[in-house]
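Examination of the molecular architecture
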Amino acid sequence: SNETTTSADITWTASTDNVGVTGYNVYVGGTLDGTTTATSYSLTGLDPATTYSVAVEATDAAENTSTQASIDVTTLSPPDEEDPSAPADVSASNVTDSSADITWTASTDNVGVTGYDVYVDGTIDGTTTSTSYSLSGLSPETSYSVAVRAKDAAGNESVEGSTSFTTGAFVDSEAPTQPTNLSSSNETTTSADITWTASTDNVGVTGYNVYVGGTLDGTTASTSYSLTGLDAATTYSVAVEATDAAGNASTQASIDVTTSTPPDEEDPSAPTDVAASNVTDSSADITWTASTDNVGVTGYDVYVDGTIDGSTTSTSYSLSGLSPETSYSVGVRAKDAAGNESVEGSTSFTTNQTQNCQEQLIDSEDFESGWGIWNDGGSDARRSRRDSQYANSGVFSVRLRDNTSTSVMFTDNLDLSGFEELQVSFTYVARSMDNPNEDFFLEISTDGGTSYSIVEEWNQGDEFVNGPRYFEQVSFAGTFTSNTRLRFRCDASGNSDWIYIDDVEISGCGPSTAAPIQNSSSDFNFSSIFEDEDKDEEIILYPNPVIETLNISNLPADARVQIFNFGGQLIMDKKSKDQIDLGGLQEGLYFVRIIHDGEVSSYTISKK
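Residues numbered from 1 in each chain as written. Predicted model: local features only at pLDDT ≥ 70, side-chain atom pairs only at ≥ 80, totals over all residues. Heavy atoms only, no water.

What follows concerns unusual backbone geometry. Excluding glycine, residues mostly carry a negative phi; peptide bonds, for their part, are mostly trans. Cis rather than trans, the peptide bond between Y542 and P543 has omega equal to -10°. Looking at the element boundaries, P543 is found in the loop between strand 40 (540-542) and strand 41 (549-553). With a phi angle near 60°, S432 is a residue other than glycine that sits in the positive phi range. Secondary-structure assignment places S432 in the loop between strand 33 (421-431) and strand 34 (439-445). (Helix = DSSP H or I, 4+ residues; strand = E, 2+ residues; numbered from the N terminus.)

Further remarks concern the sheet that holds strand 13 (residues 161-166). Within a sheet, adjacent strands bond to each other through the backbone by hydrogen bonds, running parallel or antiparallel. Pairing is antiparallel across the open sheet formed by 4 strands, whose spatial order is 10-9-12-13. Looking at the sheet topology across the chains shown, the edges are occupied by strand 10 (123-128) and strand 13. Neighbour-to-neighbour, the strand axes of the sheet open up by a mean angle of 25°, direction not taken into account. Where strand 12 (residues 143-152) meets strand 13, 6 bridges bridge the pair, whose relative direction is antiparallel. What sits directly across from Y144, in strand 13, is F165. (Pairing = 2+ DSSP bridges. Axes fitted to C-alpha atoms, helices over the stretch in contact; angles between N-to-C directions.)

The next point concerns the pattern of salt bridges. Tallying each qualifying case throughout the model produces 10 salt bridges. Its salt-bridge partner being R149, residue E157 comes within 3.5 Å of it at the nearest N-O pair. R489 is the partner of E443 in a salt bridge, and the nearest nitrogen-oxygen pair spans 2.9 Å. Here R489 lies in strand 37 (residues 485-491) and E443 lies in strand 34, a separation of 46 residues in the sequence. A relative accessible area of 23% places R489 in the partly exposed class. The network of salt bridges with common partners includes R149, E157 and E160. (Salt bridge = Lys/Arg side-chain N within 4 Å of Asp/Glu carboxyl O. Buried < 20%, exposed > 50% of the residue type's maximum accessible area, 1.4 Å probe, protein only.)

Summed over all chains, the structure comprises 20 aromatic pairs. Seen from their ring centres, F426 and F440 are 6.4 Å apart, and the 80° between their planes marks the pair as edge-to-face. Here F426, found in strand 33, pairs with F440, found in strand 34; they are 14 residues apart in sequence, far enough to count as distant. Seen in terms of ring centroids, F440 and W458 are 5.1 Å apart; in terms of plane orientation they differ by 15°. Their pairing is stacked. Residue F440 is found in strand 34, and its partner W458 is found in strand 35 (residues 453-459); the two are separated by 18 residues along the sequence. Directly above the ring of Y119 sits R149, whose terminal nitrogen or CZ lies 4.2 Å from the centroid. (Phe/Tyr/Trp six-rings, centres within 6.5 Å; stacked < 30°, edge-to-face > 60°. Lys NZ or Arg CZ within 6 Å of the ring centre and 35° of its normal.)

On to the sheet that holds strand 8 (residues 100-105). Sheet architecture is open: 3 strands sit in the order 7-8-11, paired in antiparallel fashion. With partners counted over all chains shown, the strands left at the sheet margins are strand 7 (88-93) and strand 11 (132-135), one partner each. Along the sheet, successive strands turn relative to each other by an average axial angle of 15°, direction set aside. Note: strand 8 against strand 11, 4 bridges, orientation antiparallel. Counted as the bridge partner of A100 is L135 from strand 11.

Assignment of secondary structure puts R399 in strand 31 (residues 398-401). With near-sequence residues (within four places) excluded, R399 lies in contact with D380, A381, R382, D387, W498, I499 and Y500. (Contact = heavy atoms within 4.5 Å.)

In this section: the nonpolar core. Buried together is how nonpolar side chains tend to be arranged in soluble globular proteins. Among the nonpolar cores identified, the biggest contains 39 residues, and W374, F476 and F488 are the most heavily contacted of them. Ranked by residue count, the leading element in this core is strand 33, at 5 residues. Setting aside anything within four residues of it in sequence, one finds F476 in contact with E421, L422, V424, L442, I444, V455, L486, F591 and T604. (Core = buried A, V, L, I, M, F, W, Y, C linked by side-chain atoms within 4.5 Å.)

Let us now look at the domain arrangement of the protein chain. Once the domains are mapped, the protein chain shows domain 1 (2-74), domain 2 (88-166), domain 3 (180-258), domain 4 (272-350), domain 5 (358-510) and domain 6 (540-607). Centre-to-centre separation of domain 5 and domain 6, based on C-alpha positions: 23 Å. With 17 residues of domain 5 in contact, the opposing surface of domain 6 contributes 16 residues. On the surface where domain 5 and domain 6 come into contact, there are 0 salt bridges. On the surface where domain 5 and domain 6 come into contact, there are 0 residue pairs in polar contact (both at pLDDT 80 or more). Elements with a contribution of two residues or more to the side of domain 5 that touches domain 6: strand 35 and strand 36 (469-477). By residue number, the principal contributor to the side of domain 5 that touches domain 6 is strand 36, which donates 8 residues. (Domains from an automatic or database assignment. Polar contact = N/O pair within 3.5 Å; in protein donor to acceptor, adjacent residues only side chain to side chain.)

Bringing the environment of A391 into the picture now. Among the secondary structure elements, A391 is positioned in the loop between strand 30 (381-383) and strand 31. Remark: the alpha-carbon pair of A391 and V592, spanning 201 residues in sequence, is separated by 28 Å. Setting aside chain neighbours within four positions, we find A391 in contact with F396, S397, R469 and D502.

Here strand 21 (residues 272-277) runs beside strand 22 (residues 284-289); their pairing, made up of 4 bridges, is antiparallel. Within the sheet, the bridge partner assigned to A275 lies in strand 22 and is T287.

Considering every residue of the protein chain, the mean pLDDT works out to 90; 94% of them sit at 70 or more. Note that pLDDT drops below 50 for residues 513-536; the model gives that stretch 48 contacts with residues more than four away or on any other chain. (pLDDT = per-residue confidence, 0-100.)

Relative to the assigned elements, E472 resides in strand 36. For E472, a relative accessible area of 0% corresponds to the buried category. Among the polar contacts listed, one links the side chain of E472 to the side chain of W458, at a separation of 3.1 Å.

Take the environment of V238 next. In this structure, V238 sits in strand 19 (residues 235-244). Considered as a pair, V238 and D101 are 137 residues apart in the sequence and their alpha carbons are 43 Å apart. Setting aside residues no more than four positions away along its own chain, V238 makes contact with L182, I194, V210, Y211, V212, L227, A253, S254, I255 and V257.

What follows is the structure in structure tokens.
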């Protein structure tokens, strides 16, 4: 311990002996340096920064010696108090208006140079381990004195080496910032306006260069520019760069600018080969050859006798609602997206004479020999001799009761696809139907019984009371299918509320080619009932089709007139009204029911 440049202290733990330790011998480099009776020893006269091998052995009175213990002892180096040599050949190069490079020849040192401090006008500017240093942030046209001092690890510093220089005149080499938010507006077929947000510069922006397709188009000192002489419907790449007085230019900002398409003022060609086909008494199909257009035909307007009837994008159009035996002039005009319209292509035709459909009997059933085409709905429907008192002809009728899913009677699937209108005639008696909300319905299905719609409804208190026999005749038009079913459905309060239905006759108006199921198991002629009653007082509804006013001739003074839509919804309910305004109704089929003295007559009318 306590090593210096010329001395050191060594210590150890005492040895033991059978008789007694008398002292210790201390060797330096293998040579006895001295003896001591203590357990410490001071080494002197050593050389600095030198390592010595030191050994110690114990001795006793009989001059016995122990094995030596040894260590290495290193003296301290003497302090470095020698300065490095001064940097030589200090000089300035690459001098600009704001910077300069300083270089020098390396200094030497007895131990070693660790770096250089650089001073500018007496103030330290920085430190480096190399023999060069770059100054920046200087002022233009200014004299500077630069000194360089070498230093070592002991903090010794050399005499400074120095130089002087003067910066050059100011040179602007900094480009402006890039213009931002470049956008275009007011595009026409030949021009467009572009705008941007101003750039900034260390000195000042003097203007902007505008390039179109990579070629300089012009310059401006503002933040907007108008492009002219462009081609219509063309996309241009437009770039803008900022400039300053020194000629520095910013990075370019760019956008695509598309000029407008010129307005389409060219009419399409006129439709040709306009012709009428499939002409009936109320309809016709119009066809033509497609028009052409410089841009494109978007559709056709179809005119009937000078009035537009409708529009289409195809080269055909169907007319409907025409009058029979009437001449029509049809014009077709092509149009484009710009609203240009062609010269009219036209044709004329005359509708056919009205062809009345042929009345045919589909089925007549008195239930005397079975159900016929009708089917038993289940537990709440029955055909039984026990109900003979309610039969109109023979001893059988069909009883419906309650309001369950079995309170029905329905036909087989009938192929009625060739028919335009159906008529259902039947007679019925109600018993114990006392509540105002009790009723029964005639319904139709055109999907084989999956779903039904109401044809007619008979309500207790409005159309019938318990006891009397009623005769009904219901006519209705529609689109019938090969899977058409008819159904009577009871909507009573319970098992003790009954409707007895008998002598059901189904007839229809269709072409002679129609071949419906026919089942005439009845000798009962339903239509004769209506022919015999009030034959001279036949109620007549006209015109049919009707446009505004429906006239009813021979209407009894106390009769009620009800009008239903095809879905069975009551639209009007009038008391003894022989003229009814239907102008507010939509086009379509409607049912008219006339109630008088407990009897109900039903009619179908078409509203145009």
